[in-house]
Amino acid sequence: MELKDVWQSVVHIRDENDEITAVQVPIDMSRYLIDRVQAMEDREAARARLARLRAQQAGGPAQRNE
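Residues numbered from 1 in each chain as written. Predicted model: local features only at pLDDT ≥ 70, side-chain atom pairs only at ≥ 80, totals over all residues. Heavy atoms only, no water.

Two strands pair when backbone bridges link them, and strand β1 (residues 11-14) and strand β2 (residues 20-24) are joined in this way by 4 bridges, in the antiparallel orientation. Directly across from Arg 14, in β2, lies its bridge partner Ile 20. Hairpin geometry of β1 and β2 is characterised by an intervening segment of 5 residues between the two adjacent antiparallel strands and by a positive phi of about 65 degrees at Asp 18. (Pairing = 2+ DSSP bridges. Helix = DSSP H or I, 4+ residues; strand = E, 2+ residues; numbered from the N terminus.)

In C-alpha cells, the structure reads:
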C-alpha cells in the first residue's frame, strides 16, 4: 500500500457551501497512516539520539545535558 492508495480511498464530506467539513478514511487505510507516522517519528527520534551521541563523543554541548 502507498500513500496514493490512501488518498484515493478518502471520501470528502461537504456542507451545503461545498466546503469540506470532514473526511472518511477506511479503517485499514487509517491503520497504515498511523503506522507510517509512527515509523517517521521513530526515525526522527533515532536521528536525534545519534546527533546527541555524536556531540557527546566530540565533547560538544550535548554532553552537558546528560
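Residues Ile 20, Val 23 and Val 25 make up a contiguous nonpolar surface patch of roughly 230 Å² in combined accessible area. Tracing the backbone shows Val 23 in strand β2. With relative accessibility at 47%, the residue Val 23 sits in the partly exposed group. (Patch = residues over 30% accessible without salt bridge, like charges linked within 9 Å, V, L, I, M, F, W, Y side chains within 5 Å. Areas by Shrake-Rupley, 256 points an atom, 1.4 Å probe, with all protein chains shown as cover. Salt bridge = Lys/Arg side-chain N within 4 Å of Asp/Glu carboxyl O. Buried < 20%, exposed > 50% of the residue type's maximum accessible area, 1.4 Å probe, protein only.)

On to the pattern of salt bridges, then. Applying the stated criterion to the full structure yields 3 salt bridges. With a shortest N-O distance of 2.8 Å, Asp 35 and Arg 31 are connected by a salt bridge. Taken together, the positions of Asp 35 and Arg 31, both in helix α2 (residues 27-57) and 4 residues apart, correspond to about one turn of that helix. Overall, Asp 35 belongs to the partly exposed group, its relative accessible area being 40%. Classification of Arg 31 by relative accessible area gives partly exposed; the value is 47%.

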